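Descriptive structure summary
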Amino acid sequence: MSTDARSTGVWAKLADILGMIRFSHTLFALPFALLGAAMAVLDPRGGADAGPKEWIGILLCMVTARSAAMAFNRLVDRRIDANNPRTATRHLPSGRLSVRSVAVFTVVNAVLFIGATALFLPENRWPMVLSVPVLLWLLGYSYAKRFTSLAHYWLGAALAMAPIAAWIALRGDLDWPPVLLGVVVLCWVGGFDIIYACQDAGFDRSSGLRSIPSRLGIAGALRLAAASHAAMVAALVALGLSVPAFGVIYWAGVAVVAALLVYEHAIVRPSDLGRVNVAFFQVNIGISLGLLAVGVVDLLV
């Protein structure tokens, strides 16, 4: 095989792996980690010192932890995905990627995640101390649907760790602002994951898998998702009140987020799930990036 052919094969496999883990969806959690870090650094009461090493550490930890968790999820769910018409064409069920290659990718990223926490040493040992428990929680989500309908909120809690972990990594302590931002993420992710899971309500029910849509029905699930997003807005209000530096820009952002959530629920109805992907990806990416932008700008000005 020629060098060009081997190179093409490597890049094609890398593209398949990034597609499998939906690397672009890193934009869901990463902005909240960066906002948590920005709050830690720009806290008017006394910000943390953060140099290039710490920022690189946060980025590496976020990317490798999410990559390990997503790849592990695809491994654990490969037989379920093969039986679900909506997911049967995914990379493992379709044979585009082997179980071995995905397993190696998972292990490598898990090791890199734990290793990346060493960037915070010797000043802060908490990232390394907490790395294994955090990783176990992230990987554990892959089994949650087998025993609890609250798997959506398990995922929400997994992503909620992002701003809290970033704060701890930079300051070595914990305070209300990152916790409230974590609650924002928990309610937000739990709500939109319920919406996304409505597509598989019938399959989950017939396969013995647990989810809010399979338990409550699609109409009931969408009502719970709306309640979760209302709780998210309430948590954003509480966050704004707990951070004195947040002003007009932040509150304008909260108003826009509330409007986007109303739009998200307006385009997804029990009788029409055709725009779930628009609600899931486009609207939610706008929410995460938008909150990062208004939060950082308000902290700076």
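This write-up is about the structure you can find in this document. (Residues numbered from 1 in each chain as written. Predicted model: local features only at pLDDT ≥ 70, side-chain atom pairs only at ≥ 80, totals over all residues. Heavy atoms only, no water.)

Topic: the overall build of the protein
Looking only at helices and strands, the protein has 12 helices and 0 strands in total. Whereas a compact globule of 301 residues would reach a radius of gyration of roughly 19 Å, the protein reaches 20 Å, a difference of no more than 12%. Structurally, the protein occupies a C-alpha span of about 55 × 50 × 35 Å along its principal axes. Across the 301 residues that make up the protein, the buried fraction comes to 49%. Taking all contacts inside the protein whose residues are at least 6 apart in sequence as the whole, residues at least 24 apart take part in 73%. As displayed, the protein has an accessible area near 13700 Å², and 68% of this comes from carbon and sulfur atoms. (Helix = DSSP H or I, 4+ residues; strand = E, 2+ residues; numbered from the N terminus. Rg over C-alpha atoms; globule rule 2.2 N^0.38 Å. Buried < 20%, exposed > 50% of the residue type's maximum accessible area, 1.4 Å probe, protein only. Contact = heavy atoms within 4.5 Å. Areas by Shrake-Rupley, 256 points an atom, 1.4 Å probe, with all protein chains shown as cover.)

Notes on the packing of aromatic side chains
In this structure the tally under the stated criterion is 7 aromatic pairs. Look at Phe32 and Trp188: their rings are 5.2 Å apart centre to centre, the planes differ by 50 degrees, and that puts the pair in the tilted class. With a gap of 156 residues between them, Phe32 in helix H2 (residues 30-41) and Trp188 in helix H8 (residues 176-197) connect regions that are remote in the sequence. This pair shows no difference in class: Phe32 is buried, exactly as Trp188 is. The interplanar angle of 75 degrees and the centroid separation of 6.0 Å between the aromatic rings of Phe147 and Trp154 together place this pair among those described as edge-to-face. Feature note: the residues Phe32, Trp188 and Phe192 constitute an aromatic cluster, connected by ring pairs. Sitting over the face of the ring of Trp126, Arg125 holds its NZ or CZ atom 5.0 Å from the ring centroid. (Phe/Tyr/Trp six-rings, centres within 6.5 Å; stacked < 30°, edge-to-face > 60°. Lys NZ or Arg CZ within 6 Å of the ring centre and 35° of its normal.)

Some points on the packing of H2 against H8
Two numbers describe how H2 lies on H8: the axes approach to 10 Å, and their chain directions differ by 165 degrees. As summarised for this structure, H2 and H8 are arranged roughly antiparallel, according to the angle between their axes. Once H2 is placed against H8, the crossing between them reads as right-handed. Facing Phe32, Leu35, Gly36 and Met39 of H2, the residues of H8 in contact are Pro177, Pro178, Leu181, Val184, Val185 and Trp188. (Axes fitted to C-alpha atoms, helices over the stretch in contact; angles between N-to-C directions. Parallel < 35°, antiparallel > 145°, perpendicular 65-115°, else oblique. Left-handed = near helix turned anticlockwise from the far one by under 90°.)

Observations concerning the nonpolar core
Judged by nonpolar contacts, the single largest core of 74 residues is most densely connected at Met39, Trp188 and Met232. Among the elements that make up this core, the one with the highest residue count is H8 (11 residues). Non-local contacts of Met232, meaning those with residues more than four positions away in its chain, are made with Val184, Cys187, Trp188, Val257, Leu261, Ile287 and Leu291. Counting 10 residues, the second-largest nonpolar core is a separate cluster that includes Met20, Met70, Leu92 and Phe105. (Core = buried A, V, L, I, M, F, W, Y, C linked by side-chain atoms within 4.5 Å.)

Observations concerning the environment of Gly95
Mapped onto the secondary structure, Gly95 falls in the loop between helix H4 (78-83) and helix H5 (99-116). Here the alpha-carbon distance between Gly95 and Ala235, two residues 140 residues apart in the chain, equals 43 Å.

Re the pattern of salt bridges
One pass over the full model with this rule turns up 10 salt bridges. Among the salt bridges present, the one from Asp81 reaches Arg90, with a minimum N-O distance of 3.3 Å. A single salt-bridge network, built from bridges that share partners, covers Asp43, Arg45, Arg171, Asp173 and Asp175. (Salt bridge = Lys/Arg side-chain N within 4 Å of Asp/Glu carboxyl O.)

Brief notes about the side chain of Ser211
Within the secondary structure, Ser211 is located in the loop between helix H9 (201-207) and helix H10 (212-242). Classification of Ser211 as buried rests on a relative accessible area of 0%. Polar contacts involving the side chain of Ser211 include one to the side chain of Asp204, which spans 3.3 Å. Apart from the residues within four sequence positions on either side, Ser211 is in contact with Lys145, Ser149, His152 and Asp204. (Polar contact = N/O pair within 3.5 Å; in protein donor to acceptor, adjacent residues only side chain to side chain.)

Here we look at the environment of Leu292
For Leu292, the position within the fold is in helix H12 (residues 276-300). The sequence separation of Leu292 and Phe32 amounts to 260 residues, and the corresponding C-alpha distance is 6.6 Å. Excluding residues within four positions of it along the chain, Leu292 makes contact with Pro31, Leu34 and Leu35.

Considering unusual backbone geometry
Here Leu121 and Pro122 are connected by a cis peptide whose omega angle stands at 0 degrees. Structurally, Pro122 is set in the loop between H5 and helix H6 (126-144).

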